[in-house]
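Residues per chain are reported as follows:
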Amino acid sequence: MGLWARARGRFNAWGLAALDGYLHRKFAARKQRLLHDLPPVAVELGSGSGTNFRYLPRGLRLVAVEPNVQAHGLLKRRAERYGLVLELHAEFAEHLALPSDSVEFVFCSLVLCSVRDPSAVIAEVRRVLKPGGRFVCLEHVAAEPHSRLARWQRLVRRPWHWAFDGCDVCRDTGALLRAGGFSRVDVTPFTLQTFAWPIRPIIEAVCVK
Ligand SMILES: C[S@@+](CC[C@H](N)C(=O)[O-])C[C@H]1O[C@@H](n2cnc3c(N)ncnc32)[C@H](O)[C@@H]1O
């Protein structure tokens, strides 16, 4: 890995760790509700700094798929702190190193905005889930078409993408999930009260294979 990629990876891991308390204040109640009643093994895509580990039951075996290897040290320390049995994967979620029909629960937060190919990731999630298995996510999305916020999102899209590690503020992730071939998809939109207005429109989604 080149010097620039390593420095950028470190900076991104540090940035996510710095946002940890803020994300907890904004999302704790929803995440606690979405991450309840888990099977003994779960998969998290794009764990970042491990901000979601605090909501998981102690003793859970967590497969954390995080391509930024500069964040792995932090993830290991946090998993230990929250009593998780961690299996770290450095691959991109577009190609998961997991067998088909092998897991009951996959989740992510603020990740489908950042992956290169969200449809490929959704297809991979569906592949690895057992029939009846759940995919839960919390994602910021494109604003209502033709709204003033949608126009602003289009305006900041490119600099935002550069500044925030490939994050796209104009993704219609709800539509991608609905097209993902799940047997059930429940999408609940809400507005996040945040100074970071391009990411105010959020969805929480529960998809069942
Ligand atoms: C905005 S951060 C969110 C981190 C964490 N989930 C949270 O809620 O704070 C996006 C994360 O997705 C990871 N990521 C980016 N592309 C990915 C991909 N193709 N597959 C899996 N993870 C990816 C990044 O390394 C980063 O950790």
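Heads up: the structure comes first, above all this text.
Conventions we followed
Residues numbered from 1 in each chain as written. Predicted model: local features only at pLDDT ≥ 70, side-chain atom pairs only at ≥ 80, totals over all residues. Heavy atoms only, no water. Helix = DSSP H or I, 4+ residues; strand = E, 2+ residues; numbered from the N terminus. Contact = heavy atoms within 4.5 Å. Near = heavy atom within 4 Å. Polar contact = N/O pair within 3.5 Å; in protein donor to acceptor, adjacent residues only side chain to side chain. Areas by Shrake-Rupley, 256 points an atom, 1.4 Å probe, with all protein chains shown as cover. Pairing = 2+ DSSP bridges. Right-handed = clockwise from strand over helix to strand, strands pointing away. Buried < 20%, exposed > 50% of the residue type's maximum accessible area, 1.4 Å probe, protein only.

1. A few points about the side chain of Asn12
Link 1 in the chain: The topology assignment puts Asn12 in helix H1 (residues 3-18).
Link 2 in the chain: Not counting residues within four places of it along the chain, the set of residues in contact with Asn12 comprises Asn68 and Asp165.

2. A short note on the site of the ligand
Link 1 in the chain: Among the 17 residues in the neighbourhood of the ligand, the closest are listed as Gly46, Glu66, Ala93, Glu94 and Ser109.
Link 2 in the chain: At 2.6 Å, a side-chain N or O of Glu66 approaches an oxygen atom of the ligand.
Link 3 in the chain: Ala93 places a main-chain nitrogen or oxygen 2.9 Å from a nitrogen atom of the ligand.
Link 4 in the chain: When the free accessible area of the ligand is taken as 600 Å², the share hidden by the protein chains comes to 90%.

3. Remarks on the pairing of strand E3 (residues 85-89)
Link 1 in the chain: Strand direction decides the pairing type here: strand E2 (residues 61-65) and E3, joined by 5 bridges, are parallel. The partner of Arg61 across the bridge, within E3, is Val85.
Link 2 in the chain: The parallel pair E2 and E3 is bridged by helix H3 (residues 72-81), and the resulting crossover is right-handed.

4. A short note on the environment of Leu19
Link 1 in the chain: Mapped onto the fold, Leu19 is located in the loop between H1 and helix H2 (20-34).
Link 2 in the chain: Under the relative-accessibility criterion, Leu19 is labelled partly exposed at 39%.
Link 3 in the chain: Taking the C-alpha atoms as reference, Leu19 lies 22 Å from Ala142; in sequence the two are 123 residues apart.

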